[in-house]
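Listed below are the residues making up each chain.
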Amino acid sequence: MAEKRKGSCLFCSLQCGFGMELDEGAPVRIDFDEEAPLNRGALCARGHYNIELLLHPRRFLAATVNRRRVPRVTAISRVAGKLSSIKEENGGTAIGVIVGTELSNEDYRKAVSFASDVVGTRSLAVAYDGNDFPFLEGGGAGNAAPEDLDDADCFLLVGDIFWGHPCIAKRIIEARHASRSNAIYTVNPYRTNTDWFADFHIKARPDTEPLVLGAILSALRAKGAPKVDMDSAAAAAGLAVAEIEALAADLKERKKVVVVASSRLGNSASARLTALFASRIADSVGGKYAPLFRGGNAIGAYRHVGSGRTVPEILADVADGKIKALLVFGPDILQLYPGAVSTDDLEALGLLAASSVFENDTSKHSDVGLPQAVWTEFDGSYTPSFGGTTSIEALVRPQGDAVAVGEMLQALAAELGSGIGAGEPAGEPEAPEIDVDAALGAIAKRAPVDGVSLVEGTNPLHRWDGAITGRMTFPQRQRPYCEVWIGEDVAAELGLAPGSNVTVTSDRGETRIIATVTDRMQGGLVAIPSYVPDARGLMAWTPNAETRWYDVAATGVKMTSDS
Amino acid sequence: MNKRNVLDYGRCISCKSCIAACFYSHEYQDHLEASQVLTNIVLQMNCRHCEQPLCEAACPREAIKRRDDGLVIRSNIKCSGCTSCAQACPFGAIDLEKTRHTMPKCDLCNWRTLEDKTTMCAGTCTSGARTFVDISDGEAQKDQPMRGARSVAKTVRRER
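Residues numbered from 1 in each chain as written. Chains lettered and ligands numbered in written order. Predicted model: local features only at pLDDT ≥ 70, side-chain atom pairs only at ≥ 80, totals over all residues.

### Comments concerning the interface of chain B and chain A
In step 1: Counting residues at the interface gives 22 residues for chain B, matched by 30 residues for chain A.
In step 2: Elements with a minimum of two residues in the side of chain B that touches chain A: helix 1 (17–25) and helix 5 (120–124) of chain B.
In step 3: A total of six residues in the side of chain B that touches chain A trace back to one element, the largest contributor, which is helix 1 of chain B.
In step 4: Of the residues contributing to the side of chain B that touches chain A, the split by class is eight nonpolar, 10 polar and four charged. (Contact = placed C-beta atoms within 7 Å. Helix = DSSP H or I, 4+ residues; strand = E, 2+ residues; numbered from the N terminus. Nonpolar A, V, L, I, M, F, W, Y, C, P; charged D, E, K, R; others polar.)

Below you can see the structure in the form of structure tokens.
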């Protein structure tokens, strides 16, 4: 008997609603949910992967101990036994817990209770994607509601919003066309698909977005506006100072401005300031601010887990040998932060237990592997980018031995002889103050890179790291599967024909990839696909003590044509 | 039924959600043909469901039929995947790269349109570029070719 049920997608923080047709409990096909408050039925390509995710033949569905399949209870007992002995020898502080950004709010509360009450450790951190963490610290969770997109007369879009989060494109484009005087302003280092629709595109060099946004804030004469050298800001944006001032004046005259911003791989301090200034611009013109994240429940994670410890700090403790046991629920830390932790460090741990939806590099190096259910297989509530709470009821039962992280934690706690509570959310943590003027000064002083510099390219078919989306059939069938976008000037220098292969080399390695020559890219910028591990691995991930996150940059970049 | 898929290239953001929707709802076959025309320009081509379909005339096994309601439908059972229809189609709307032994061919999401729902590609469109509209009003459709040509020209101009 066919039935239709409603679910929500967690491939990004929009948390779009969709329908699923089921036949005797088995998923048949995706349908649309026209009543979904944000997307109103529209669904991006990633949204359609939700059905393949449930039917995928290579899901990780059986628990393992030392790579051998065992019943889940055996694996849980093994983890509990090891945890007990490590805690007895070294204390609870020698245990670290890392969770992903696709857990439900309830599961985050259980993780907090498990870490503090059962294990007795402070080392609980969320593995945010890309620069989501500094972006959250800078601008918080935002205050925009879906309806704000309909009656806005001006949008300031920071980042490739239409390709990163396609399901809000329709509402933004329709609001733009509601009146001739409405406008879309965008800030992007190269011409993205979002910029096609822009009335004015500010081409800020990568990582100089805070300078431009700070200059707008300064021109708005907003309270607490940073001290910005307008000339260096104008140079970073390739504009005249008068143009920045005219833009600020226009924003001030608008009835309703909605600032939508998303982060990109790069300098974490820049990401933090970008979010901070984007939210302040919205405040100062009486508008709304909507930050968009790559992690599906990044806001829920931030509110529930807080920011007591971060992944760079925990992984540094792993490398120093201070942490002897590491529990990883969801993310593939070896691929998510390439080079941030070595396989030798993970192998040296007394216990590495990793749960995941698909077998990955981290679970391959783990002592205990635990299959994890996907978000459509268990009930839970989530916090989306546009306010409110998304409640998801399980569409299907979890397959094989897979269970939700909360259930794994409960079973572990029971094995350890205690229970875990479902405490109240901690609320948005207070982000530590940073010296804004000093950080802006440092950005202004940073010289533009001579020659080729790599910038992350957005792809609508992939979640940024490709850990799940890279396994889906549809994107794999696209030709080419991955490519770098190269400007005509760089291509001419290399003598490169469109569609030919290039070898991209950095201090961290090299990769061979198809080159697409396009006039989108200017000034030696090259957009690389972050969903390809080899391409992402060209960047170095360096911990930043101030932001407590990674600065991601490629140095010593060279390109050679293979033809 | 006189509804057809219409695509406004001026609004398309090239997110490929329509192609993904078609792919997953047709058992992992591309019924919606997509062509890389220029770098980063993807033109998505639906079957037009022609009044005098050349694909029907070319099919040696009579697998393609134009129904009374105007839909040009291919029979899975009769199709042998000989690619005659793909070569006959003047719009290149049938994918030559077949994934099974049959030729993928747009069926206007028959199972949905029978229930008066939109096609998958129109329903999923994230920018509102793709719509499923009634084409029975000839007067209203008169300027469609001109609008189509204009939107393609705009798209090509904005991207190289």
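Back to the text.
### Looking at the sheet that holds strand 1 (residues 2–8) of chain A
Hydrogen bonds along the backbone pair up the strands of a sheet, which may run parallel or antiparallel.
All names here are of chain A.
In step 1: With respect to topology, three strands assemble into an open sheet ordered 1-2-3, the strand pairing being antiparallel. Pairing within the sheet leaves two strands with one partner each, and these edge strands are strand 1 and strand 3 (26–31). On average, each strand axis in the sheet is inclined to that of its neighbour by 35°, with strand direction left out of account.
In step 2: Relative to strand 3, strand 2 (residues 17–23) runs antiparallel, the two being bridged by five bridges. Bridge assignment links Leu22 to a residue of strand 3, and that residue is Pro27.
In step 3: Its contacts with the sheet place helix 1 (residues 45–55) against strand 1, strand 2 and strand 3, and it is angled at close to 170° to strand 3. (Pairing = 2+ DSSP bridges. Axes fitted to C-alpha atoms, helices over the stretch in contact; angles between N-to-C directions.)

### Side note on the confidence of the model for chain B
In step 1: On average, residues of chain B score 83 in pLDDT, and 82% of them are at 70 or above.
In step 2: Two numbers describe this predicted complex: its pTM, 0.94, and its ipTM, 0.93. (pLDDT = per-residue confidence, 0-100.)

### Thoughts on helix 17 (residues 436–445) of chain A
Residues and elements named next belong to chain A.
In step 1: Buried residues of helix 17: Val436, Ala439, Leu440 and Ile443, and no others. All buried residues of helix 17 project into a common sector of 100° when viewed along the axis, lining one side. Seen from the buried face of helix 17, the exposed residues on the opposite side, beyond 90 degrees, are Asp437, Ala438 and Lys445.
In step 2: Those residues of helix 17 that are buried lie in contact with helix 7 (209–219) and helix 10 (268–284). (Buried ≥ 20, exposed ≤ 12 C-beta atoms within 10 Å, placed from the backbone. Arc of directions from axis to C-beta.)

### A closer look at unusual backbone geometry
In step 1: The residue after A:Arg479, namely A:Pro480, is reached through a cis peptide bond having omega -5°.
In step 2: With respect to the element layout, A:Pro480 can be found in the loop between helix 18 (473–477) and strand 19 (483–486).
In step 3: Notably, B:Glu62 is not glycine yet its phi reads approximately 50°, a positive angle.
In step 4: Following the sequence through the fold, B:Glu62 ends up in the loop between helix 2 (54–58) and strand 4 (64–66).

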